[in-house]
Amino acid sequence: QVQLVESGGGLVQPGGSLRLSCAASGTFFSISTMGWYRQAPGKQGKQRELVARIVSGGSTKYADSVKGRFTISRDNAKNTVYLQMNSLKPEDTAVYYCNILPGVGPVDGYWGQGTQVTVSS
């Protein structure tokens with residue numbers, strides 16, 4: 001059983017910052033990729049958007065919309081991934097989901113329950 005526990009979401013004003021955390025626990029092979037996805041209001045029927053991901057070697061990938069504002073990092077010893085979000089905009093409002101891809105497991109990995117991020121004045 002694999003469990004992902006997310007924290008750090010909330011309400012913030014435009015231009016503010018939030019830091020999301022996601023800790024993985026349970027039994028799984030070493031994690032190759034950890035990432036954050038989001039789903040904006042009114043888009044529940046559409047695929048979640050990749051925000052950022054980081055592989056075990058440290059290489060990262062970001063959505064164009066968050067480059068220069070968001071930073072993803074991971075602590076392999078703690079099986080935890082972080083997303084530092086700065087200069088937040090109203091269009092960043094969404095439910096953010098953590099995802100991990102172990103070396104062996106489901107093709108789409110494991111997902112967290114989601115944490116709400118709302119950017120509003």
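Below or above, wherever it landed, is the structure these notes cover. (Residues numbered from 1 in each chain as written. Predicted model: local features only at pLDDT ≥ 70, side-chain atom pairs only at ≥ 80, totals over all residues. Heavy atoms only, no water.)

**Some details on the pairing of strand β4 (residues 31-39)**
Move 1: β4 sits mainly inside the fold: eight of its nine residues count as buried.
Move 2: Strand direction decides the pairing type here: β4 and strand β9 (residues 94-102), joined by eight bridges, are antiparallel. The residue bridging Arg38 from the neighbouring strand is Tyr96, located in β9.
Move 3: Here β4 runs beside strand β5 (residues 49-55); their pairing, made up of six bridges, is antiparallel. Bridging across to β5, Trp36 finds its partner in Ala52. (Buried < 20%, exposed > 50% of the residue type's maximum accessible area, 1.4 Å probe, protein only. Helix = DSSP H or I, 4+ residues; strand = E, 2+ residues; numbered from the N terminus. Pairing = 2+ DSSP bridges.)

**Thoughts on the environment of Val66**
Move 1: Along the chain, Val66 falls in the loop between β6 (60-62) and β7 (70-75).
Move 2: The spatial distance from the C-alpha of Val66 to the C-alpha of Leu88 is 9.1 Å, given a sequence separation of 22 residues.
Move 3: With sequence-adjacent residues up to four places away left out, Val66 is seen in contact with Arg38 and Val51. (Contact = heavy atoms within 4.5 Å.)

**Thoughts on the nonpolar core**
Move 1: Counting residues in each nonpolar core, the largest one holds 28 residues, and the members touching the most others are Trp36, Leu83, Met85 and Tyr96.
Move 2: Every element with two or more residues in this core is listed here: β1 (2-7), β3 (18-26), β4, β5, β7, β8 (80-85), β9 and β11 (115-119).
Move 3: Leaving out residues up to four positions away in the same chain, Leu83 has contacts with Leu18, Arg19, Leu20, Trp36, Val51, Ala52, Phe70, Thr71, Ile72 and Tyr96. (Core = buried A, V, L, I, M, F, W, Y, C linked by side-chain atoms within 4.5 Å.)

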